[in-house]
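# Residue-level structure breakdown
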Amino acid sequence: MPSSIELIVASLVELKDRPGLAELREHRCQLLEQLRTVSGIDPTRTIERIEVDIRTIDEGLEQLKPPPGTLPDNDWR
């Protein structure tokens with residue numbers, strides 16, 4: 001069964017919502033940064049899960065990447 005993030009990414013890819021995926025990735029990166037500074041608990045498993053989420057989002061972004069030569073490199077963000 002797909003994870004929640006996999007379902008969300010699949011939906012955003014289907015909608016071709018690159019800004020939505022980028023926003024979701026940025027949010028996960030911020031969470032990761034915050035977790036790495038936490039003290040008093042062991043956030044290792046949560047950090048691993050968020051890293052998997054980021055890889056899943058990156059795969060979705062890669063699916064929406066335009067074919068080579070269709071846009072200048074600086075237009076793809």
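Scroll up for the structure.
Residues numbered from 1 in each chain as written. Predicted model: local features only at pLDDT ≥ 70, side-chain atom pairs only at ≥ 80, totals over all residues. Heavy atoms only, no water.

### Thoughts on the overall build of the protein chain
For the record, the criterion: Helix and strand assignments come from DSSP, with helices taken as H or I runs of at least 4 residues and strands as E runs of at least 2, each series counted from the N terminus. Throughout, radius of gyration means the C-alpha value; the globule benchmark is 2.2 Å times the number of residues raised to the power 0.38. In this scheme, a residue with accessible area under 20% of its type's maximum is buried, one over 50% is exposed, and one in between is partly exposed, where area comes from a 1.4 Å probe on protein chains only. By definition in these notes, contact holds between two residues if any of their heavy atoms fall within 4.5 Å. Only the protein chains shown count as covering a residue, and every accessible area follows the Shrake-Rupley method with a 1.4 Å probe.
Summing up its helical and strand segments, the protein chain has 3 helices and 0 strands in all. Along its sequence from the N terminus, the protein chain presents helices and strands in the succession α-α-α. Scaling as 2.2 N^0.38, a compact globule of 77 residues should have a C-alpha radius of gyration of about 11 Å, whereas the protein chain reaches 15 Å, well beyond that. Within the protein chain, the fraction of its 77 residues that count as buried is 26%. A separation of at least 24 residues holds for 57% of the contacts in the protein chain among residues at least 6 apart in sequence. Summing over all exposed atoms, the protein chain offers an accessible surface of approximately 5,900 Å²; the carbon and sulfur share of this is 52%.

### Some remarks on the side chain of Arg28
Stated formally: A 3.5 Å cut-off defines polar contacts: any pair of N or O atoms within that distance qualifies, except that in protein one atom must be a possible hydrogen donor and the other a possible acceptor, and neighbouring residues in sequence count only when both atoms are side-chain atoms.
Following the sequence through the fold, Arg28 ends up in helix α2 (residues 18-35). There is a polar contact of 3.0 Å between the side chain of Arg28 and the side chain of Asp53. Apart from residues lying up to four places away in sequence, Arg28 is in contact with Ile5, Ile50, Asp53, Ile54 and Ile57.

### Let's talk about the pattern of salt bridges
What counts is decided by this rule: We count a salt bridge whenever a side-chain nitrogen from Lys or Arg sits within 4 Å of a carboxyl oxygen from Asp or Glu.
Applying the stated criterion to the full structure yields 4 salt bridges. Note that Arg36 and Glu51 form a salt bridge whose closest N and O atoms lie 2.7 Å from each other. On the criterion of sequence distance, the pair formed by Arg36 in the loop between α2 and α3 (44-63) and Glu51 in helix α3 is long-range, its members being 15 residues apart. In this structure Arg36 comes out as exposed when scored by relative accessible area, which is 52%. Residues Arg49 and Asp53 are paired through a salt bridge, measuring 3.0 Å at the closest nitrogen-oxygen approach. Within this pair, Arg49 and its partner Asp53 are both found in helix α3, separated by 4 residues, close to a single helical turn. Residue Arg49 is classed as partly exposed on the basis of its relative accessible area of 38%. Residue classification places Asp53 among the buried positions, given a relative accessible area of 7%. Salt bridges sharing partners connect three or more residues here, namely Arg28, Arg49 and Asp53.

### Quick look at unusual backbone geometry
Here the phi dihedral of Lys16 falls at roughly 55°; this positive angle occurs in a residue that is not glycine. Structurally, Lys16 is set in the loop between α1 (4-14) and α2.

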